[in-house]
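Residue-level structural notes
What follows is each chain in one-letter form.
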Amino acid sequence: MGVEGAGLAYLVSSTSRAGMDHASLPSVLSYVYETALEHVCDDEDIDYPQLVTGVQQHVTGIRSADSDKTSSSSGATASNGRLGPAVVAVDRASVCGSFSYSSDNLTIESLGNFSSCRANVAVYTGKWMYECTVLTPGIQQIGWATIHCPFTAEEGVGDAPDSYAVDGKRMRKWSVKPQPYGEPWVQGDVMGCCLDLDAGTLTFYRNGQSLGTAYDRVRTMQPSLAYFPAVSLSHTERCMLNFGAKPFMYPVVGYQPLQSPPSTAVSQEAAYYCSCFTRLCLIAAADGQDGLVFGQAGASTAAARANSTKVDDLAVGVAATDQPQPQAVTAAGALGGLGYSASGCSPRTPAAALGPPFSGSVSLSSADIVLLAAVVLEPLQQLLVSHPYLIHSALLPVLGDAQRENEPQTSRQLQLMMQLLVLVWHQEFNSIMFTVLEALAYRCQISPLLVQDFPYTAGYPHLALAVSLLQHPRIMRLFVLHPDFMSVLEGLLTRKSPSPKDLQTLLPHVWWKGCKDETASEERLRASISIITTTLAKVEQRQYDMLELLLATPFHDPATATTSTRRDDDDDCALLVFLRFLLQKNRGALRDVPPPGLSESTVLMTTFFGLLRLLQPALQAACESGTGPLAAFPVAELLAAADAAAEASPVFDAPRLGGVVSHLARENSLSDLEKQPISVGPVQPPSRVGSTPDNSSSKPYASTVQNQQGTQQGSRRQQQRYVAPPALKDAWVPELLNTCMLLYCWRVGFNYKMIHTLSSSVASSSATLEDLDRMIANSPGGDPARAGTWLIGTRKVYHDELTRDVRLLTLLRVAFFSPGKQAALCNLTTYLATLVTTVSSIPPAAKPDTPAAGSEAANGQPSAAEGQPQQQPQQDGLASPSGNGGSSGEPHLSNLLRYLPVVYVEVIVDYLTASRRCDEQSIVLPSAAAAGSDVAVQGPQAYVAWLCGSLNDRRIANPDVQESLLQVCGLLLDQPTWRSLVEAQPDKAWELVGSLLQVFDSRLWHPASGVLLKVIKDCGFGHQTAASRSPASLQQVLLDSLEGKSPIAAADNSSIAVSLALGGSAAAVARSDQDPAVVAARTKGFLNRLFNTLNWTLTEFTVCVGDLHNLRGRRSILEAQNQYRRTGLMFELSVNFMRILEFVVPTHAFLGSAVNRTRLRELLQFVLSHFTNGPDARRLNELLQANQPATPGASSSGGGTAPQAPAVAAAGLPGAAAPPPAPLAAAIPAYAASAMQFESNSLSERVQKPALLAPVMGILLAVWGAHKEGVADSGGDALLRELAGMADERFMAALQFMKDVDWCAFSPSCPLSGQLRAFAQLLDALATARAAHESSSASAGLPEDVPDEYLDPITMDIMSDPVKLPDSQIVVDR
């Protein structure tokens, strides 16, 4: 720092004083140093040696005053109840298992199944404590143990006598036997372990709040009963121990740390120096003038140069160690170049800004400020180096207070402090400031969301100070070059999650749809959401600022750069280095048993959203105008690399759509051409169908030509160019996108799936709670107070669970669906949907000729098109057709889609699913108000093109992906806007329904049937009539697909052009005619699978009803509950499949097949026998009658409000008989009977006969309609004749039962009078045909030689093509 043995203050002549207001100078110095210093200055100058002496004398007085109260800082001894060295750490000799240690040996992570360790200090009397920060909220046992406590692979702290522990994961306290205790802990909780050996008690604290006395009979004052701090951790669990080397975050009065802090005198001395430094910077920063300038106005130039020469030289020398300076730089320039703008520093301070005790004016030169600061900073530096404890207790609060003075910008006072610290401390500055950053990182990890501190909470003050410090170039350089750079940065990016108890404090009021609680309030919930949103936005903005600083910081210091093994390190920034470290560290996050050392989940989420924000300009440019660095996607680097170098990359482990990369590289290799970058961008249509593309405009998938919808919009899009964020190089963007996707795969996607799961759970729990309220209200006598205790307790359990889920769901929505994040995710998913659609349509040996990353497209310039890609000959091992219609004439497609990571599809699916589930949030859809927005139009169009093209792509081998595609398809078809968007594109609608018919197989029948129900929405008996169906509706497209009549063939040129504009592929539009044989085979297979699945669900339902009726196969209450639920599920599935069958029956493809007609007759016979008034329906009728409440007008037929007597008669039950008691009432305890009553009542509400009979009505009316239309070869007449042949007395009675059902009560919103009249005509026609059939049969008679085995056992008809099976000799009809 200067001449050896002399401080900075002694390097300056005593005459280095100019331009000072002499009258106020003594009061300024007395104010700064809190002592009388009139003797150190006169009318001309300040005597700095005298000033230093005066300050030292004042400090000596402080030490003398506190000498009687101080304790030795050399460590405790055995005399005060402590045994061991002064510095407390983990005793590695006591370790059982395996741990990894941090640089200070205080952060440990278990590498074994169950690892234990002790500290190197024991206590035997007195009151002691230490703190343990929970870094992973798993199984940890934290407490105290004697040396005789055995540590094994299965036993640890608390598993032996005289050892005590707490486990917040299991909420237990441990001392030989576990007992309930405490609260659940979360990551970042600070557990205080307080042992009072005087009273024999042990108490644990969570974040400063006592959990109660855990043990009050701790044995003390006996041989070998000295207690060691000890912990036991399960595999990958991590914690941080603080025995007193740093100040406790939550000290407990009366308890002392195991490691003694600095003495009170030393602490008071450090606090005095810090307060003097604070007051001096406050004076210097109060004026607001520019810069620390050596030499003041009012003094002659020669005098200024003479008086400040040495200070100038020193300042230039210090600044030169930071960054190169021009030779002619002045001292003012050197100090101004330390990292901040000159506006942040003030050379003089008006007295009016200081307040008392000043009057008049005072002006301090920059040299005076440096010298006055050095008086206190030099001795403070020595204290901080010898006692790091003081950095946390003295220096950190000073810096934090300076930062909070001028939020949200860095305060002038803090800027000036950093300049002075760099000048005075010089070499020790680095170590001290990194300790400050470590302390800030730790506080970010443990700082919770506190209501009383909104919006400056959740670690925001510490994060803001860290960002302000890192804006200083020297601090940033020492930060990124430090060995602990990665761990400290992870701490700064960590955000503590609230526990259930904390969440109850943050959201005291909850609300959901249908909530009837008096304490619930939607307005208060929205107010809490608004506050939390504001708080999180402030924290996330600071975290993003930190990432931007890292992006602008080169990783290698030019002055100390050395050869590195990492390639291209010279071109890397600190952010890229950190991201590569993060990916390698979390590479095994998806394993069943995750490896140790994984990052905290909030680090990955924070980094993901920060990167997503950085990528927004590139994503928007690629989606809207086909420009920017992401317009050319690097396939070889991110998807298809399979060499030895690629195996070291984390993306190599990512699941792929077609399997693992090693298998794909061996079985489905790619050509060199397929590994070239592919173009991603909006699709632009030609001016008319069949027109030649304009080769001078654009290429496929990277269009910049004008849109057909308006030349002005196209011109505006052509003018859009990619504007990169500051310091972001185009070459880094693909790597950032790849990192973003991997982070989503490892952690972020889990939260979006949780939103979907919680939304479903909230809806289910809300419905169950309403059912329980209704049961309580309908308790005996109508008095809710008389409801069963079990029933009230069950309601409380459901209510508490629902309240907890609503709180968690609200927090997740706030954290993941803020407007900014939703817009960013919309851009990302739009780009990914376009990318997947582009990849899926690339031929195997020919793809759009796309420029490489450094070409015009990558630089944002439009490129010339070279025409459509040429069709190449088929190659061995290439993919079969993707299933877009199933035509055998389709060309084989590239295997590149197989290499696409699953996460590229998961991001789109999770975003659309979670957005659809959120009531408060919705996807921005195209509308009249947003017609001019490219983002609003491109997003939904890209989703539709991707979804329809990928739904049945055979290259997608991952079954979970296929099922998720069907689920999101069903969710989107529920929204009218999405539905109309699909219907506006005939080729996409054709692809969609064709794919649905093909994927309805033995594995995906459930999700596929759900989507088909959305397609046939509001169709069938009891719904709107088919006459209201438009030709372009999905229902009509489904019918045309079954008949083999493509709607694209009938579309005019303008419709096809619009379809192209909305993302349709030219190949799909041109393929207007499908192969009739392929369509017929697809329809036949679909109908066969539909019949098989429907027969299975109906059979399972009747079996479940029989089990419930006969009490068979039930060994526990849980099995009985599952049986009730299974029965309701089978009924709902049967209704769904019957509705699909009702929709497809009128088609010629169905009625024209004799096999379909025969199977339909068998199905109708079974349904009418089991769901009307036949003998097979007896068990179902009794079950429903027993479960229904005895209210007037109740109908066992499930027909709604029909009169009781006719309904009972129709069901075949005695009209005056009372409902039989519940079959379980006398066989099981009361609480179980209540549970069964609840399940049975729920079943009676789910199982309604009209719901299943309505599709039967629709099928019969469709047959009657086909007969009346008289269409030749329609199959309707044949089926009607066949029905008439099987219309015996029982069949006609079942049809009469259906006619008597109160259909108006079942479907009050739909007029059914015309359909009911048609059904009456059908009954008359069947009765007439039956009479004619009986008369003809009576006259002709049956052949006497027809054995009974040749009669169909269901329809009782003579088999048309009987055959006897060779083994069983059973006769069946072919």
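Residues numbered from 1 in each chain as written. Predicted model: local features only at pLDDT ≥ 70, side-chain atom pairs only at ≥ 80, totals over all residues. Heavy atoms only, no water.

Let us look at the packing of helix H29 (residues 986-999) against helix H31 (residues 1034-1043). Viewed as axis vectors pointing N to C, H29 and H31 meet at an angle of 60°, and their least axial separation amounts to 9 Å. Taken together, the axis directions place H29 and H31 in an arrangement best described as oblique. By crossing handedness, the relation of H29 to H31 is classed as right-handed. Residue-level contacts link Ala989, Trp990, Leu992, Val993, Gly994 and Leu997 of H29 to Leu1034, Val1037, Leu1038, Asp1040, Ser1041 and Leu1042 of H31. Residues of the contact of H29 with H31, tallied by class, amount to nine nonpolar, two polar and one charged. (Axes fitted to C-alpha atoms, helices over the stretch in contact; angles between N-to-C directions. Helix = DSSP H or I, 4+ residues; strand = E, 2+ residues; numbered from the N terminus. Parallel < 35°, antiparallel > 145°, perpendicular 65-115°, else oblique. Left-handed = near helix turned anticlockwise from the far one by under 90°. Contact = heavy atoms within 4.5 Å. Nonpolar A, V, L, I, M, F, W, Y, C, P; charged D, E, K, R; others polar.)

Another aspect to go through is the pattern of salt bridges. Under the defined criterion, the tally for this structure stands at 33 salt bridges. Two residues, Glu109 and Arg238, come together in a salt bridge whose shortest N-O distance is 3.4 Å. Linking Glu109 in strand S4 (residues 107-110) with Arg238 in strand S16 (residues 238-242), this pair joins segments that are 129 residues apart in sequence. Arg238 shares its class with Glu109; the two are buried. With a closest N to O distance of 2.6 Å, Arg219 and Asp162 form a salt bridge. Remark: Asp162 occurs in the loop between strand S8 (140-145) and strand S9 (163-167) and Arg219 occurs in the loop between strand S14 (209-215) and strand S15 (228-234); sequence separation between them is 57 residues. You can call Asp162 buried: its relative accessible area is 13%. Each of Glu183, Asp189, Arg206, Lys496, Lys501 and Asp502 takes part in salt bridges that share partners, so that together they form one network. (Salt bridge = Lys/Arg side-chain N within 4 Å of Asp/Glu carboxyl O. Buried < 20%, exposed > 50% of the residue type's maximum accessible area, 1.4 Å probe, protein only.)

Most of strand S5 (residues 114-119) is tucked away: six of the six residues are buried. The pairing of strand S2 (residues 90-96) with S5 spans three bridges and is classified as antiparallel. When the bridges of S5 are listed, Cys96 appears paired with Ser116. Alignment of S5 against S15, held across five bridges, turns out to be antiparallel. Among the inter-strand pairings, Ser116 is bridged to a residue of S15, identified as Ser232. (Pairing = 2+ DSSP bridges.)

Our focus in this paragraph is the pairing of strand S12 (residues 190-196). Across the seven residues that make up S12, a large majority, seven, are buried. Here S12 shows a buried face lined by Val190, Gly192, Cys194 and Asp196 and a second buried face lined by Met191, Cys193 and Leu195. As paired elements, strand S7 (residues 127-134) and S12 share seven bridges and run antiparallel to each other. Looking across to S12, one finds that Cys132 is bridged to Met191. Bridge count for S12 against strand S13 (residues 201-206) is six bridges, and the pairing is antiparallel. Considered in S13, the bridge of Met191 is made with Arg206.

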